[in-house]
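A closer look at the structure
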Amino acid sequence: MRPFTFSQRIAIGVLLVSVVACHRAKDPDAYGNFEADEVSVSAQASGQLTSFTPVEGAALRVGEIVGVVDTTQLALERAQLIAQQQATAARVAEAGKQVEVYQAQLGIALRNYERMQRLFEEKAATAQQRDQAERDYRTLVAQIGAAKAQQQSVSRDATSSGARVAQINDQIAKSKVINPEAGTVLATYVKTGEVVQSGEPLYKVADVDTLILRAYITEKQLSGVKLGQQVQVHVDQGGGKLLSVSGTVRWISTKAEFTPTPVQTRDERADLVYAMKVYVPNPKGALKIGMPADLTLGPVPAKQPS
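Position numbers for residues count from 1 along each chain, tracking the sequence in the order it is written. In view of the model being predicted, local features appear only for residues whose pLDDT reaches at least 70, and side-chain atom pairs are presented and counted only at 80 or more, with totals across whole chains, interfaces and linings using the full set of residues. Only hydrogens and water are set aside when side-chain values are computed; all heavy atoms of the structure are taken into account.

Notes on the pairing of strand β14 (residues 272-281)
The cut-offs for exposure are 20% and 50% of the maximum accessible area for each residue type, with area from a 1.4 Å probe on protein chains only; residues under the lower value are buried, those over the upper are exposed, and the others partly exposed. By the criteria applied, helices consist of DSSP H or I runs no shorter than four residues and strands consist of E runs no shorter than two, each listed in order from the N terminus. The buried count for β14 comes to seven of 10 residues, which makes it a mostly enclosed element. Bridge analysis of strand β12 (residues 241-252) against β14 gives four bridges, and the strand direction is antiparallel. Bridge assignment links I252 to a residue of β14, and that residue is M276. Two strands qualify as a pair provided DSSP detects at least 2 bridges between them.

Given below as structure tokens:
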């Protein structure tokens, strides 16, 4: 075979460029980068991590227990409080029985006082006997009042202990690290055996089966974009390969902002742009967080039969 001449090589090069250019029907309408709805999971209790299972790249289910903070001291404090509760309950019961005894005696003392009052009026009892009966009656009234006050005080102690036990139970429940959202672990910040504080970030998780392309459009393009609209998203995979997937517009900013420095738009002279979020399915994981992409507005081209 005869070698290609210089003019033939130039012609072939132009043809190849034309073939690559055919991958795009027109220039992109907007540019942006992929992101995800990331959730940073923090500790809700302080102490040593007795277990911690998340690793970067692992898939987690919603509601899965992925870590436990040591609760030994909390369990001991709860046991002590429960013992105090039982002792307090016994004191409440004892105070209640004492009130019942005094009330029974009060009825007898009242009848005796009334009888002495009648006998005194009939000159059949002395003033000293009447006064003694009255003192006995009023003493029992005072004793009942004191016993009831003690019963209320002990009941408040029991209520306070119960509230503290409930608080400790809540702290023990929060010592379990429960994954709040199904997704993939993006980063971990601690390891088993480390001491953590309440509110300290432990790991980050996100649903990467669907990524979000945050792109920017100009005011002129704004009227051509609607919520729920299907758009075509393009990702350069290198080597001249272009990955095209469809996405759905889920959010459009109502406030204009200055063009972000790393973002280009179709109209480079535009000073103000509107942010939009396009949700793009990513079941095979080809798209990555932070990856740049562009999109084409308008209807998604029909898939050509193979």
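Thoughts on the sheet that holds strand β3 (residues 47-52)
Note on sheets: strands pair through backbone hydrogen bonds, and any given pair is parallel or antiparallel. An order of β6-β5-β3-β8 is seen for the four strands of this open sheet, with the pairing classed as antiparallel. Two strands in the sheet have a free side with no partner beyond their single neighbour: β6 (176-178) and β8 (195-196). Pairing analysis gives three bridges linking β3 to strand β5 (residues 65-69), with the strands arranged antiparallel. Residue F52 lies in a different strand from β5, and its bridge partner there is G67.

Focus on the environment of Y274
In this fold, Y274 is placed in strand β14. In this structure Y274 comes out as buried when scored by relative accessible area, which is 14%. When the C-alpha atoms of Y274 and T254 are compared, they prove to be 7.4 Å apart, with 20 residues separating the residues in sequence. We call two residues in contact whenever any of their non-hydrogen atoms come within 4.5 Å of each other. Not counting the four nearest positions on each side in its chain, Y274 is found in contact with A215, Y216, I217, T218, E219, L222, S253, T254, K255 and A256.

Side note on the confidence of the model for the chain
pLDDT expresses, on a scale from 0 to 100, how confident the predictor is about each individual residue. Predicted confidence across the chain gives a mean pLDDT of 82, with 84% of residues reaching 70 or more. No element of the chain has a lower mean pLDDT than helix α1 (residues 6-21), at 37, and none a higher one than strand β9 (residues 201-206), at 97. The low-confidence segment residues 1-23 (pLDDT under 50) makes four contacts with residues lying over four places distant or belonging to another chain. Low confidence marks residues 300-306, where pLDDT is under 50. Its contacts with residues over four positions away, or in another chain, come to five contacts.

Examining the nonpolar core
To qualify as a nonpolar core, a set must consist of buried Ala, Val, Leu, Ile, Met, Phe, Trp, Tyr and Cys residues joined through side-chain atoms within 4.5 Å. Ranked by internal contacts, the top residues of the largest apolar core, which has 22 residues, are F34, V233, M276, V278 and L295. Counting residues per element, the ones that place at least two in this core are β1 (30-35), β10 (210-218), β11 (230-238), β12, β14 and β15 (292-296).

Side note on the pattern of salt bridges
Each reported salt bridge corresponds to a side-chain nitrogen of Lys or Arg within 4 Å of a carboxyl oxygen of Asp or Glu. All told, the structure shown has six salt bridges when counted by the stated rule. The partner of R214 in a salt bridge is E35, and the shortest N-O contact between them spans 3.4 Å. With R214 in strand β10 and E35 in strand β1, the pair connects residues that are 179 residues apart, well separated along the chain. Here E35 falls in the partly exposed class, since its relative accessible area comes to 25%. Between D170 and K174 there is a salt bridge, with its nearest N and O atoms 3.3 Å apart. Here D170 pairs with K174, and both are found in helix α3 (residues 127-174), just four residues apart, close to one helical turn. D170 sits in the partly exposed class, given a relative accessible area of 37%.

Points about the sheet that holds strand β4 (residues 59-60)
Taken in spatial order, the four strands make up an open sheet running β2-β9-β7-β4, and their pairing is antiparallel. Either end of the sheet is taken by a strand with one partner, and the two such strands are β2 (38-42) and β4. Where strand β7 (residues 183-188) meets β9, four bridges bridge the pair, whose relative direction is antiparallel. The residue bridging T188 from the neighbouring strand is Y203, located in β9.

Focus on helix α2 (residues 72-121)
Three- or four-residue spacings in an α-helix give side chains the same orientation, since the helix completes a turn every 3.6 residues. Compared with an ideal rise of 1.5 Å per residue, which puts 50 residues at 74 Å, α2 spans 73 Å between its outermost C-alpha atoms and is within 8% of the ideal. Buried residues of α2: L74, L81, T88, V92, A95, G96, V99, Y102, L106, A109, Y113 and M116, and no others. Where α2 is buried, its residues contact α3. Residue K123 follows α2 closely and has a positive phi angle near 65°. Under the convention used throughout, the expected extent of a helix is 1.5 Å for every residue step, that is, one less than its residue count.

Brief notes about the side chain of Q221
Tracing the backbone shows Q221 in helix α4 (residues 219-222). Residue Q221 is classed as buried on the basis of its relative accessible area of 5%. Under this definition, polar contacts are N or O atom pairs within 3.5 Å; protein pairs additionally need one hydrogen-donor-capable and one acceptor-capable atom, and for neighbouring residues in sequence, both atoms have to be side-chain atoms. Within the local environment of Q221, its side chain forms a polar contact with the backbone oxygen of D29, the two atoms lying 2.8 Å apart. There is a polar contact of 2.9 Å between the side chain of Q221 and the backbone nitrogen of T218.

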